[in-house]
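Residues per chain, in single letters:
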Amino acid sequence: MEMYDSLCSPLLDKCQSEKLNLLFYKLYNKIMSDVVSSFPFQIHSFEEYEKSYKASIEQPENFWASIASNFYWKKKWDKVQEWNFSEPKVEWFKGAKLNITENCIDRHLQKLGNQAAIIWEPNNPEEKTRVITYSQLHKSVCQFAQVLKNNGVTKGDRVCIYMGMVPELAFAVLACARIGAIHNVIFGGFSAQSITDRIEDSQATFIITCDGAYRGAKLIPLKNVIDEAIIENKKIKKVIVFERTQNPVSMLKERDVWWKDEMKFAEMQLENDVSISTNAEVMDAEDPLFILYTSGSTGKPKGVVHSCAGYMVWTTYTFVNVFQYKPGQIHFCTADIGWITGHSYIIYGPLAAGATSLLFEGIPTWPDAGRFWDIVDKHKVEILYTAPTAIRTLMGFGLDPLQGKDLSSLKILGTVGEPINEEAWHWYDENIGKKKCPIVDTWWQTETGGIMISNLAGITPAKPSWATLPMPGVQPILVDEKGKEVIEKNDLGMQKGNLCIKAAWPSIVRTTYGDHGRCRNNYFATYKNLYFTGDGAIKDENGFFRITGRVDDVLNVSGHRISTAEVENAINMYAGVVESAVVGYPNEIKGQGIYAFVIYNGNQKELEIIRTNILQTVTKIIGPIAKPDKIQLVSGLPKTRSGKIMRRILRKIAEGESENFGDITTLLDPAIVEEIKNGKI
Ligand code: WT7
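**Observations concerning helix 19 (residues 607-621)**
Piece 1. For helix 19, which comprises 15 residues, the first-to-last C-alpha distance of 21 Å matches the rise-based estimate of 21 Å (1.5 Å per residue) to within 8%.
Piece 2. Within helix 19, burial applies to Ile-610, Arg-611, Ile-614, Thr-617 and Val-618. Down the axis of helix 19, the buried set is contained in an arc of 120 degrees. They therefore lie on one face.
Piece 3. For helix 19, the elements touching its buried residues are helix 18 (564-572), strand 28 (577-587), strand 29 (591-600) and strand 30 (630-634).
Piece 4. Remark: Gly-623 follows helix 19 within two positions and exhibits a positive phi of approximately 145 degrees.

**As for the packing of aromatic side chains**
Piece 1. One pass over the full model with this rule turns up 43 aromatic pairs.
Piece 2. Taken together, a centroid distance of 5.8 Å and an interplanar angle of 50 degrees make the contact between Trp-92 and Phe-93 tilted.
Piece 3. Ring centres 5.1 Å apart and planes at 35 degrees place the aromatic pair Phe-319 and Tyr-325 in the tilted group.
Piece 4. Judged by its relative accessible area of 0%, Phe-319 is buried.
Piece 5. If you follow Arg-130 out to its NZ or CZ, it ends over the ring of Trp-120, 5.7 Å from the centre.
Piece 6. Directly above the ring of Trp-466 sits Lys-463, whose terminal nitrogen or CZ lies 3.9 Å from the centroid.

**Some thoughts on the nonpolar core**
Piece 1. In terms of nonpolar packing, the biggest core is built from 168 residues, with Trp-73 and Phe-93 touching the most fellow members.
Piece 2. Looking at this core, you find at least three residues from each of domain 1 (101-281) and domain 2 (554-678).
Piece 3. Beyond its immediate stretch of four places on either side in the chain, Phe-93 contacts Trp-64, Ala-68, Trp-73, Trp-77, Lys-79, Val-80, Ala-285, Ala-309, Gly-310, Val-313 and Pro-506.
Piece 4. With 30 residues, the next largest nonpolar core counts Ile-330, Leu-358, Leu-384 and Ile-391 among its residues.

**Some remarks on the domain arrangement of the protein chain**
Piece 1. Split by domain assignment, the protein chain resolves into domain 1 (101-281) and domain 2 (554-678).
Piece 2. With centres defined by C-alpha atoms, the gap from domain 1 to domain 2 works out at 39 Å.
Piece 3. Approximately 520 Å² of surface area, both sides summed, lies buried where domain 1 meets domain 2, with 54% of it carried by carbon and sulfur atoms.
Piece 4. Joining domain 1 to domain 2, the criterion identifies 1 salt bridge.

**Comments concerning the site of the ligand**
Piece 1. Lining the immediate surroundings of the ligand are 17 residues, of which Asp-441, Thr-442, Thr-446, Asp-535 and Arg-561 lie closest.
Piece 2. One of the backbone nitrogen or oxygen atoms of Gly-417 is found 3.1 Å away from a nitrogen atom of the ligand.
Piece 3. A distance of 2.6 Å separates an oxygen atom of the ligand from a polar atom in the side chain of Asp-535.
Piece 4. The protein chains hide 95% of the 550 Å² of surface that the ligand would expose on its own.
Piece 5. Residue assignment for the shell around the ligand shows that the elements contributing at least two residues are helix 13 (340-352), strand 20 (439-442) and strand 25 (545-550).

Criteria and thresholds
Residues numbered from 1 in each chain as written. Predicted model: local features only at pLDDT ≥ 70, side-chain atom pairs only at ≥ 80, totals over all residues. Heavy atoms only, no water. Helix = DSSP H or I, 4+ residues; strand = E, 2+ residues; numbered from the N terminus. Expected span 1.5 Å × (residues − 1). Buried < 20%, exposed > 50% of the residue type's maximum accessible area, 1.4 Å probe, protein only. Arc of directions from axis to C-beta. Contact = heavy atoms within 4.5 Å. Phe/Tyr/Trp six-rings, centres within 6.5 Å; stacked < 30°, edge-to-face > 60°. Lys NZ or Arg CZ within 6 Å of the ring centre and 35° of its normal. Core = buried A, V, L, I, M, F, W, Y, C linked by side-chain atoms within 4.5 Å. Domains from an automatic or database assignment. Buried area = accessible area lost by both parts, 1.4 Å probe. Salt bridge = Lys/Arg side-chain N within 4 Å of Asp/Glu carboxyl O. Near = heavy atom within 4 Å. Polar contact = N/O pair within 3.5 Å; in protein donor to acceptor, adjacent residues only side chain to side chain. Areas by Shrake-Rupley, 256 points an atom, 1.4 Å probe, with all protein chains shown as cover.

Have a look at this one:
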């Protein structure tokens, strides 16, 4: 190994040809897989899974202590777990000191220094791939951490990150974690108004952004959006701008600085003073690591807070077990880092496991619908983790885009974000996995930090459209409306209810930023002493779970969580709109589509203009992902005498039901149902 290192390192640095460069890394990864032993906590058989599960429930302290002992701690914990769901207060590995980035980077340097940590595939296939080794990642992260310090960022500061999918986004995230600043990544598809709300709620004082981002054929002018978002904000101290697209941007004197210049300066500093080069802030186990905003059933997104130690242990443990990761493999998670999936399974989980994580800047359908398969072929991807909506979209293009693409490197496939229908599952299995790759259907949420219910690839059985079994440490329970555990089984031996979790696991949400009461009300108050997921589920006679979808007013559009209340608020801001009601309806590609019923009283323009303007308003207030697919103008909404909108009826109409609306006698004006039904689009 050492011989290989001394031989290859200088070559790798000098290697200009992309092809040769990639070849080296492939060879390197192959060698690594023989040299590095697999993970001590990897589960290798169904029996082992059952044993681990039992141990995790019966002796959680011992179980998690033994797993956590595989990480690098500056000080060990005093207590493995301490929690109650009534406040809620949850602590894992209390008293321990660590820095998550030392676990994701530094501890691998000796063995994996020259292994690719990140392989970056640009939006445009003509552009060069970038390979970032663990050593290079270390250098860039330390350097950017120094940039943050130079610009006045200190431990606990909130740093808002609004960037495209470039390696610098990963550097920025890790550099924040390195110095103990709390990152808040905002997906590039959110509008200026959404950013303003998130910056205000998290009281962020620093921003890291790009001039622009490429997504397919589009260029998104990120810096312009930021400028609009903080136009009235006097609290932002610095905006650091990474140059990616070279579109014109405004740079405000003293506030806005270029990434490149700052990095150059930091590099000089680090060269002159080696002592500051590896300074990782010593963090308490329960210090917050990041905030990530997500929609709930109210109009205002919540800042979900995760803390350092538990999140690290959980994302690594689940990554290694669910995907059965073997050293040297290339893992391709197609999510955006702006969502929790990207945080946990592009950055933290894979890097803490010393894996090679592929970061893709673009979209699955550009320049054509064969893009994912080109990437798999080019990089010999072994694990592919994507969303049902992407699978359904690509399925719609038929098998042509697969022609001539060598997918034989694939070993494991995964899905996340929404229930996967059987048709899509089988298409994925047959055409992508060629029936030789286990598919893991991973159920989890922003609030759970990592995968909660899933089969373990090739180890525990898969069942199409079922997430199957809980991870060790996860105790799911189905309850009825009153919170009573569902015991009764139907004729098929299945139970059906609202999905809750009985006990804390290491990466459970700690609080909602700035409003702990909201965290309690949202997740811990519906049912006493239970974490309520907001999802409905069924459980079969083997104890397998199938997630049936949200039971609250949250939509899942293309795997993105959108609150109906948020969309309604945005629609109501359009001049002339009196009131609106938004519901979901089945959509073949997106899973759910957004249907808006709108009472409009303004200047009666052309219907099409009103619709377009409403769409524009929603795009401005939230972002294009929240645009309704259908807008129906109505003269009234089905309301009870107490003024509550009966969404159940609207949902039925949106789904195309023309009768069976149930009891509508309590409605203030039952005739409205007929009118709305007749006007359905
Ligand atoms: C909601 C969480 C978890 C990262 C991506 C979304 C739905 C997620 C599955 C799955 C059925 C799923 C649930 C959940 N969901 N994975 N495998 N099967 N439904 O994170 O935005 O926090 O959304 O996505 O409804 O509550 P999120």
